Amino acid sequence: MAGTITDDPPPTAAGRQSGPLIVTEDTALLDDLLRLCAAAGATPEVHHSVPERRGGWEAAPLVLVGDDAARRVRGVARRRGVVLVGRDPDDSGVWRRAVEIGADHVLVLPDGEQWLVDRIADVAEGVGRPALTVGVIGGRGGAGASTLACALAVTSARAGVRTLLVDADPLGGGLDVLLGGETAGGLRWPAFAASRGRVGGGALEESLPELHALRVLSWDRGDCLAVPPQAVRAVLAAARRRGGAVVVDLPRRVDDGVAEVLAQLDLGLLVVPAELRAVAAAGRVAAAVGMVLGDLRVAVRGPYAPGLDDREVARLLGLPLAGEVPVESGLLRADTGEQPPGSTGRGPLARFCREFWERALGEAGTV
């Protein structure tokens, strides 16, 4: 694959290019780097040495310096996001040259191709802070986890936050049904079962049904009840790269696919009805989930059995208390009407969700 070497391409309207800057005279290396940029969906700017255009070196979101060009960029202003790319894994001098130009990474092709494609794709997508990702799981069947997940997602979207709701429970009946959008156009989980490697965040978002100002990844009504763990990992990673908020409705069993989801969560909410049998069942769920997820909190739902309150339930489970989930009819049943849980912005459930997001965003340092 060949490319055009430009001497002084015009800057973008924002003064910052969306693709990486490549500095090399090695045509074989350039062919490989152009191929990897194409795989990542990025259009690079290519130079033999440091761009003469003012700000060209500093403005690039990522700089790929061929090992042949290391001497030519020596002395240039230090910056982050410089990768020195070579081919000889036995050349110990590459590390010295990397230090001389202030490179963050040394990459040897072809072994590092996948890492570099991911890094270039991050640049092409404008990746910033990853989405705050919250999982909701029931301590027992019928705890109301799916409805709470929907209410959290709807509340986030109502606040103007880019929001994705993920249904990770193929036996749960479908969150699109709960949102009244089972016939909405867009892809469902089975369409991603063959995904390998990286999934584009923008492409994922555009492909999913849009319901109540948020995107929903749910299941269809076919026979596919499982997606390979590597596909789950790729899809959820793509969703998180878009920023905003991701809410995941989790099943109570932990298989390999669910473990991939748990590994990417920032925190989890365990919804537990305030009764002794539910607390006992929730303890088993918490033990399994806690093996992967470090931040699991209890959301207690009344009415309360004698001798129990929300703090006592949290104490029995040995988990932090996220709060008391208010009792509302929409939380106790799968309401398939036009108004999804929390959509009006009024009532105790909507208030619980708003307060939860305020606390979670504050802890994450995003407010």
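Preceding block: the structure.
Predicted, not measured: the structure shown is a model, and the values here were computed from it.

**Student:** Outline the nonpolar core, supporting the account with residue identities and numerical values.
**Tutor:** Counting 44 residues, the largest nonpolar core has V248, L250, L270, V272, V313 and L317 as its most contacted members. The set of elements that each furnish at least two residues to this core consists of β7 (163–167), α8 (229–241), β10 (245–250), α9 (256–264), β11 (267–273), α10 (276–290), β12 (296–301) and α11 (310–317). Looking at this core, the element that brings in the most residues is α8, giving seven residues. What L317 contacts, discounting residues up to four positions off in sequence, is L270, V272, V279, A282, G283 and V298. Of all hydrophobic cores here, the second largest spans 34 residues; its members include A145, A157, V325 and C353.

**Student:** Give a detailed account of the pairing of β11, specifying residues and quantitative values.
**Tutor:** Burial of β11 is extensive: seven of the seven residues sit out of reach of the surface. Of the two faces of β11, the one carrying L267, L269, V271 and P273 and the one carrying G268, L270 and V272 are both buried. Pairing analysis gives five bridges linking strand β6 (residues 132–138) to β11, with the strands arranged parallel. For G138, the partnering residue across the bridge sits in β11 and is V271. Sheet topology note: the β11/β12 ladder contains six bridges and is parallel. Each residue of the ladder has a partner; that of L270, found in β12, is V298.

**Student:** Describe the sheet that holds strand β4 (residues 82–86), listing the residues and the values that go with them.
**Tutor:** One open sheet accounts for five strands, arranged β2-β1-β3-β4-β5; its pairing is parallel. Sheet topology places β2 (45–47) and β5 (105–108) at the edges, where each strand pairs with a single neighbour. Within the sheet, the average angular offset between the axes of one strand and its neighbour, ignoring direction, is 20°. Across the sheet, helix α1 (residues 27–40) touches β1 (21–23), β2, β3 (63–66) and β4, and the angle it forms with β1 is around 170°. Across the sheet, helix α3 (residues 93–101) is in contact with β3, β4 and β5; its angle to β4 comes to roughly 155°.

**Student:** Provide a residue-level description of the packing of helix α5 (residues 145–158) against helix α13 (residues 347–364), including the pertinent values.
**Tutor:** Axis separation between α5 and α13 bottoms out at 9 Å; the angle between their running directions is 65°. Considering their axes alone, α5 and α13 lie roughly perpendicular with respect to each other. The way α5 lies across α13 gives a crossing that is right-handed. Contacts from L148, A151, L152, T155 and S156 in α5 reach L349, A350, F352, C353, R354, F356 and W357 in α13. Here the contact of α5 with α13 is built from residues that sort into nine nonpolar, two polar and one charged.

**Student:** Got a sec to walk through the pairing of β3? Specific residues and values, please.
**Tutor:** Taking every second residue as pointing to the same face, both faces of β3 are buried, with V63 and V65 on one and L64 and G66 on the other. As judged from the three bridges shared by β1 and β3, these two strands associate in the parallel manner. Following the sheet pairing, L21 is matched in β3 by V63. Direction of pairing for β3 relative to β4: parallel, over a ladder of four bridges. Looking at β4, one finds that V63 is bridged to V82.

**Student:** Which residues make up the sheet that holds β7, and what values do they have?
**Tutor:** Pairing in this open sheet of eight strands is mixed, and the strands run β8-β9-β7-β10-β6-β11-β12-β13 from one edge to the other. The open sheet has two free edges, formed respectively by β8 (210–211) and β13 (321–325), since each of these has just one partner strand. Pairing of β8 with strand β9 (residues 214–217), which is carried by two bridges, proceeds in the antiparallel orientation. Opposite E210, over in β9, you have R215 as the bridge partner. Where α11 meets the sheet, it contacts β11, β12 and β13, and its direction lies at approximately 140° from that of β12.

**Student:** Now, about the packing of α8 against α9: what can you tell me, with residues and values included?
**Tutor:** Two elements in contact, α8 and α9, have axes whose closest approach is 8 Å; the angle formed by their N-to-C orientations is 25°. In terms of axis orientation, α8 runs roughly parallel to α9. α8 and α9 meet at a crossing whose hand is right-handed. Counted together, P229, V232, R233, L236, A237 and R240 of α8 and D256, G257, E260, V261 and Q264 of α9 form the full contact between these two elements. Its residues assigned to classes, the contact of α8 with α9 shows five nonpolar, two polar and four charged.

**Student:** Got a sec to walk through the packing of aromatic side chains? Specific residues and values, please.
**Tutor:** Scanning all chains against the criterion turns up two aromatic pairs. Measuring from centroid to centroid gives 5.3 Å for F356 and W357, while their planes differ by 65°, and the two rings are edge-to-face. Accessibility classification places F356 together with W357 in one group, the buried group.

Conventions used here
Residues numbered from 1 in each chain as written. Predicted model: local features only at pLDDT ≥ 70, side-chain atom pairs only at ≥ 80, totals over all residues. Heavy atoms only, no water. Core = buried A, V, L, I, M, F, W, Y, C linked by side-chain atoms within 4.5 Å. Buried < 20%, exposed > 50% of the residue type's maximum accessible area, 1.4 Å probe, protein only. Helix = DSSP H or I, 4+ residues; strand = E, 2+ residues; numbered from the N terminus. Contact = heavy atoms within 4.5 Å. Pairing = 2+ DSSP bridges. Axes fitted to C-alpha atoms, helices over the stretch in contact; angles between N-to-C directions. Parallel < 35°, antiparallel > 145°, perpendicular 65-115°, else oblique. Left-handed = near helix turned anticlockwise from the far one by under 90°. Nonpolar A, V, L, I, M, F, W, Y, C, P; charged D, E, K, R; others polar. Phe/Tyr/Trp six-rings, centres within 6.5 Å; stacked < 30°, edge-to-face > 60°.

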